[in-house]
Amino acid sequence: MDADLILRGATVIDGSGAQRYVADVAIAGERIAGIGSFESSSAQTLDAHGLVVAPGFIDSHTHDDGYLLAHPDMTPKVSQGITTVVTGNCGVSLAPLVSEQIPQPLDLLGPPSLFRFKTFAGWLEALRAAPAAVNVIPLVGHTTLRVAAMADTGRPATDEEIAAMRAMMEEAMTAGAFGMSTGTFYPPAAHAPTEEIIGVGAPIRAHGGLYATHLRDEADHIVPAMEEALAIGRALDCLVVFSHHKLAGEKNHGRSAETLALMQRAGAMQPVCLDCHPYPATSTMLRLDRVRISRRTLITWSKGYPEAKGRDFADVMRELGLSDEETLKKLSPAGAIYFLLDEKDVKRIMTHPLAMVGSDGLPFDPHPHPRQWGTFTNVLRTLVREQSLLSLEQAVHKMTGQAAGNYGLAERGLLRAGYYADLVLFDPDRVSDRATFEQPVQVSEGILGVWVNGRRVWNDGAAGPERPGLVLAPTRKPESLH
């Protein structure tokens, strides 16, 4: 076997959902050279007996657009086995936008200095010129297009503004975007009607892209919001990705049975899927509507009152002697973690056949949600090892082959001879997240090695100097549309 590296005697979980088996995995250059039993050769060998080798994990929902440029080592991600990130979610992408005044929620992507790309192609060129440790699946954000095209986002776009956004969307798709995301939950896009989104997203139909959505409402009115997303998917003839699917607030706890059934019925007529993470809390900009339906609100950062970072909103409110409205005004702009989900809903969603795994982390938060550092290893620890809600094969499939199929990736997401060598090697008995809500910036345990395009980026507790990540190209259309 002509190879650079052989992982010998590994337990192979190939990403397809098929049962595990023991074999040697050989890597040559950026590809998997073979899987089988290989005699000794001049290749470097690594004893992998008792360890699992799987395809590198695909983080289906990130906000890493700017972090890839600012921190190309991507330690929060490679340390949990992630080799590919989907960027530009929730309507928020770094490009195309040049501005020093960045409204919320765009500021969740990082400081204004990162918003320096007039075109989507310009940002992709920057990523190719200074690669990160992981591959990138880029989406373009509808909110970003609105901020770039409209002086006043507090109303529906005019025909001329829609045409301007559609032209930017066409440029992005031509440059290599996989599709468009929306975030009509947020102020800069809340006034965008369905017709605007369809008009701006028209290039998706021509290019065979996908549509990912942070729904207009994830609480009391989630069903009409889902129906709107499905209508947009039909109009654009594309896959609909329901981002971080959840039911917010106590009065909606248990409704995942209803929303998942709706998705299942829709899936018989049009392509749909969802991403989610295993935590009972969400995180975004500080908003009073979320504070009021949360059991607890933890402040992640505050420009108005920096001392609030890492503290409960209720404690800060008492300390300041203010009402919740006055406290919001004092802290803003700010970010927060909201404990407003039901554990049973989270488990039901995570284990659903349509569900992929997405961290939805906010990498520049000074006190981030632990999902940025621990989502994938949390799934392996809690849902697989501790609760037996998913088999290891099922969990790996959600993180790899299933996501690769939905995003239309060629020769990735599965362990196959000739496929790209995006691999993770881990100890199934020890793999675990260490990031907590109290101490969120902590690397995972039990991830022994991570390879991206055949080059090692994580070595048993430390990031390496290699930066082999690529901007991936869509194979228009995703497999799930065939």
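Residues numbered from 1 in each chain as written. Predicted model: local features only at pLDDT ≥ 70, side-chain atom pairs only at ≥ 80, totals over all residues. Heavy atoms only, no water.

1. Some details on the domain arrangement of the protein chain
Move 1: Here the protein chain is described as being made up of domain 1 (5-53 + 441-463), domain 2 (56-283 + 340-412) and domain 3 (284-339).
Move 2: Relative to domain 2, the C-alpha centre of domain 1 lies at a distance of 29 Å.
Move 3: Across the boundary between the two partners, domain 1 contributes 21 residues, which contact 23 residues of domain 2.
Move 4: Carbon and sulfur atoms supply 62% of the area that domain 1 and domain 2 bury against each other, a total of about 1700 Å² over both sides.
Move 5: Along the contact surface separating domain 1 from domain 2 lie two salt bridges.
Move 6: A salt bridge links Arg-31 to Glu-411, with the shortest nitrogen-to-oxygen separation between them at 2.6 Å.
Move 7: On the surface where domain 1 and domain 2 come into contact, there are seven residue pairs in polar contact (both at pLDDT 80 or more).
Move 8: Elements with a minimum of two residues in the side of domain 1 that touches domain 2: strand 21 (447-452) and strand 22 (455-459).
Move 9: Examining the composition of the side of domain 1 that touches domain 2, we find that four residues originate from one element, strand 21, more than from any other. (Domains from an automatic or database assignment. Contact = heavy atoms within 4.5 Å. Buried area = accessible area lost by both parts, 1.4 Å probe. Salt bridge = Lys/Arg side-chain N within 4 Å of Asp/Glu carboxyl O. Polar contact = N/O pair within 3.5 Å; in protein donor to acceptor, adjacent residues only side chain to side chain. Helix = DSSP H or I, 4+ residues; strand = E, 2+ residues; numbered from the N terminus.)

2. Details of the pattern of salt bridges
Move 1: Tallied over the entire structure, the rule returns 28 salt bridges.
Move 2: Among the salt bridges present, the one from Asp-24 reaches Arg-8, with a minimum N-O distance of 3.0 Å. On the criterion of sequence distance, the pair formed by Asp-24 in strand 2 (residues 21-28) and Arg-8 in strand 1 (residues 5-12) is long-range, its members being 16 residues apart.
Move 3: Judged by its relative accessible area of 7%, Asp-24 is buried. (Buried < 20%, exposed > 50% of the residue type's maximum accessible area, 1.4 Å probe, protein only.)

3. What to know about the sheet that holds strand 13 (residues 210-214)
Move 1: Spatial strand order, 11-12-13-14-15-19: six strands in an open sheet with parallel pairing. With one partner strand each, in any of the chains shown, strand 11 (140-141) and strand 19 (355-357) form the two edges of the open sheet.
Move 2: Two strands pair when backbone bridges link them, and strand 13 and strand 14 (residues 240-242) are joined in this way by three bridges, in the parallel orientation. When the sheet's bridge partners are listed, Ala-212 is paired in strand 14 with Val-241.
Move 3: Helix 8 (residues 222-236) rests against strand 13, strand 14 and strand 15 (272-276) of the sheet, and its axis sits at about 155° to strand 14. (Pairing = 2+ DSSP bridges. Axes fitted to C-alpha atoms, helices over the stretch in contact; angles between N-to-C directions.)

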